[in-house]
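# Topology and contacts: notes
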Amino acid sequence: MPYKWNQTSETEQELRLWPHNSLPRRGAMITVLSVFLFGLIPLLAVLGSVVLWGLLPFLLISVLGLWFALQANYRARSVSEVLTLTGTEAHLVHHTPGNGSQEWSCNRYWARPEMHEKGGPVPHYVTLIGDGREVEIGAFLSEDERITLYDELVKKLREPIAQ
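Described below are features of the structure shown in this document. (Residues numbered from 1 in each chain as written. Predicted model: local features only at pLDDT ≥ 70, side-chain atom pairs only at ≥ 80, totals over all residues. Heavy atoms only, no water.)

## Some thoughts on the pattern of salt bridges
- Across all of its chains, the model carries 2 salt bridges by this definition.
- Here Arg16 makes a salt bridge to Glu14, at a shortest N to O gap of 3.1 Å.
- Looking at Arg16, the relative accessible area reads 39%, which means it is partly exposed.
- Under the relative-accessibility criterion, Glu14 is labelled buried at 15%.
- Arg112 is the salt-bridge partner of Glu114, the closest N and O atoms lying 2.9 Å from each other. (Salt bridge = Lys/Arg side-chain N within 4 Å of Asp/Glu carboxyl O. Buried < 20%, exposed > 50% of the residue type's maximum accessible area, 1.4 Å probe, protein only.)

Shown next, in the form of structure tokens:
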């Protein structure tokens, strides 16, 4: 699962969430190189003719387009969330590329998770409510992961507060 609970101290727990990364950067490099090499195969038939110079720009445009699309995808997936639960406070930080960070905090006693099975931007949409605000958490996770996250949040927020 793309999230992990850490016990940072006796009175503090931290939940880190991040989106899936099914294609690592090395795999992306291999994919772009493969598209380029397989694109060169049809050009072997016109090697040494003027037609090669007419077809080569289309191959280069498609390879560059693939590379830019993969880079944009990596930037979009660099979003992360960190929920810190201390003895008295729940603090959520949402990092978005290009938009900076958004923070939410409230007294841990009043913080409660809520699941919107329908009506949210995604099925089984999980939010945290407290201090007069409702904030989303883990919207980039899969549906099953959001259900599991909700159950874990309910359990963690109900645990006795260590002093």
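Structure's up, so let's keep going.
## Looking at the environment of Gly132
- Relative to the assigned elements, Gly132 resides in the loop between β7 (125-130) and β8 (133-136).
- Along the chain, Gly132 and Glu81 lie 51 residues apart, while their C-alpha atoms are 20 Å from each other. (Helix = DSSP H or I, 4+ residues; strand = E, 2+ residues; numbered from the N terminus.)

## Description of unusual backbone geometry
- Here the phi dihedral of His124 falls at roughly 55°; this positive angle occurs in a residue that is not glycine.
- Summarising the element assignment, His124 is placed in the loop between β6 (112-116) and β7.
- For Asp131, which is not a glycine, the phi torsion comes out positive at approximately 60°.
- Structurally, Asp131 is set in the loop between β7 and β8.
- Accessibility expressed as a relative area gives 61% for Asp131, which makes it exposed.

## Points about the pairing of strand β2 (residues 12-17)
- Taken together, the 6 bridges between strand β1 (residues 3-9) and β2 define a ladder with antiparallel strand orientation. Bridge pairing in β2 places Asn6 opposite Glu14.
- As consecutive antiparallel partners, β1 and β2 are separated by 2 residues.
- Here β2 pairs with strand β3 (residues 80-85) via 5 bridges, running antiparallel. Residue pairing in the sheet places Gln13 in a bridge with Leu85 of β3. (Pairing = 2+ DSSP bridges.)

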